[in-house]
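What follows is the residue order along each chain.
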Amino acid sequence: MKNTLPALASLGCVLLVAGCGMLPDKPARATLYDFGPGLSAAAPAAAPTTALPALSLAEFDSNTRLDGTQILYRLGYADANELRPYGQSRWSLPPAQLLRQRLRDTLAERRTVLGPEESATLARTEGIVPDTLRISLDEFSHYFDAPASSTGLVRLRATLVRTATGGDRVMGQRTFTVRRPAASADAPGGVKALIAASDAAMAEVVQWVDQLQQQEPPQPRTAAPRR
């Protein structure tokens, strides 16, 4: 009996260690990405040479696949119709929200940018109705042309709307498609490429809006303010 007890104790320790080894590993926390602090954090922004009219920036529209925070990629050389998510990497917010923040910051360097609620309040209290910029995000993916060749692909549709006495009028509509090369065939490479493509797309949108409003400057217009 005296010899049996130590043997049973040793066996119990072995079983305990083995049982601990079979416990599931703690799930790894996903790496979160955003668009960074922006260009203004790296260097002071230059003072605008001309003040542009205020602009209302609507909430972005996007297809349901882009409503989440997954970082998506496509294997164009295998099946370009299939969107695949990176398993352990995510955006901090849905892409449409990150893009809207970036566009608002870029526009605000030279003009006052209002949200939908702010614009509605201004129209209600002061009778001033700014032009409205609407964006639909159609594609936002890390696109692989080949296993070792990939780009950040951003495609969006912009519509500039002016409210007149007779109702809303579309001043212009354009689709922007921008690609930027990825330095690596993984989530970090795709993230950097998508941010570069997004910044380039935002710059093109801003230039397009400026041109439209310069061709047809907003005229002073008011609606009867509601008190």
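Quick note: structure is the one above.
Q: Help me get a handle on the overall build of the protein, residues and values and all.
A: Within the protein one finds 5 helices and 9 strands. Moving toward the C terminus, one meets the helices and strands of the protein in the order α-β-α-β-β-β-β-α-β-α-β-β-β-α. Per-residue burial over the protein gives 36% buried out of 227 residues. For the protein, the share of sequence-separated contacts (at least 6 apart) that also reach a separation of at least 24 residues comes to 69%. Put simply, the protein shows about 13500 Å² of open surface, and 55% of that area lies on carbon and sulfur atoms.

Q: Any chance you could break down the pattern of salt bridges for me, citing the residues and the numbers?
A: Applying the stated criterion to the full structure yields 11 salt bridges. Salt-bridge contacts for R74 lead to E139; the nearest nitrogen and oxygen are separated by 2.8 Å. In this pair, R74 is assigned in strand β4 (residues 70-75) and E139 in strand β7 (residues 131-146), connecting sequence segments 65 residues apart. Exposure remark for E139: the relative accessible area of 7% places this residue in the buried category. The closest approach of N and O atoms between R84 and E82, which form a salt bridge, is 3.1 Å.

Q: Outline the environment of L57, listing residues and values.
A: Assignment of secondary structure puts L57 in strand β2 (residues 55-57). Separated by 76 residues in sequence, L57 and L133 place their C-alpha atoms 5.1 Å apart.

Q: Give a description of the nonpolar core that names residues and reports values.
A: In terms of nonpolar packing, the biggest core is built from 43 residues, with L103, L133, F140 and L156 touching the most fellow members. The element best represented in this core is helix α5 (residues 187-215), accounting for 13 residues. If we skip the residues at most four places from it in the chain, F140 touches F35, L66, W91, P95, L99, L153, V154, L194 and S198.

Q: Can you break down the packing of aromatic side chains residue by residue, with the values?
A: Considering all chains together, one arrives at 6 aromatic pairs under this definition. Ring centres 6.5 Å apart and planes at 25° place the aromatic pair F35 and F140 in the stacked group. Residue F35 is located in the loop between β1 (31-33) and α2 (39-42), and its partner F140 is located in strand β7; the two are separated by 105 residues in the primary sequence. Per residue, the accessibility class of F35 equals that of F140, and both read buried. Relative to W208, the ring of F176 has its centre 5.9 Å away and its plane inclined at 75°; by these criteria the two rings are edge-to-face. Of this pair, F176 sits in strand β9 (residues 167-181) while W208 sits in helix α5, and the two are 32 residues apart along the sequence. Classification of W208 by relative accessible area gives buried; the value is 8%. Within the aromatic cluster, the residues linked to one another by ring pairs are F35, W91 and F140.

Q: Tell me about the side chain of R111, and please be specific about residues and values.
A: Here R111 is to be found in the loop between α3 (95-107) and β6 (113-114). Within polar-contact distance, the side chain of R111 engages the side chain of Q213 at 2.8 Å.

Q: Any chance you could break down the packing of α3 against α5 for me, citing the residues and the numbers?
A: Between two packed helices, what matters for the description is the angle formed by their axes and the separation of those axes. Packing of α3 against α5 brings their axes to within 10 Å, and their N-to-C directions diverge by 45°. Taken as axis vectors, α3 and α5 run oblique relative to one another. Both α3 and α5 take part in a crossing whose hand is right-handed. On α5, the residues that touch L99, R102, L103, T106 and L107 of α3 are I195, S198, D199, M202, V205 and V206.

What counts and how
Residues numbered from 1 in each chain as written. Predicted model: local features only at pLDDT ≥ 70, side-chain atom pairs only at ≥ 80, totals over all residues. Heavy atoms only, no water. Helix = DSSP H or I, 4+ residues; strand = E, 2+ residues; numbered from the N terminus. Buried < 20%, exposed > 50% of the residue type's maximum accessible area, 1.4 Å probe, protein only. Contact = heavy atoms within 4.5 Å. Areas by Shrake-Rupley, 256 points an atom, 1.4 Å probe, with all protein chains shown as cover. Salt bridge = Lys/Arg side-chain N within 4 Å of Asp/Glu carboxyl O. Core = buried A, V, L, I, M, F, W, Y, C linked by side-chain atoms within 4.5 Å. Phe/Tyr/Trp six-rings, centres within 6.5 Å; stacked < 30°, edge-to-face > 60°. Polar contact = N/O pair within 3.5 Å; in protein donor to acceptor, adjacent residues only side chain to side chain. Axes fitted to C-alpha atoms, helices over the stretch in contact; angles between N-to-C directions. Parallel < 35°, antiparallel > 145°, perpendicular 65-115°, else oblique. Left-handed = near helix turned anticlockwise from the far one by under 90°.

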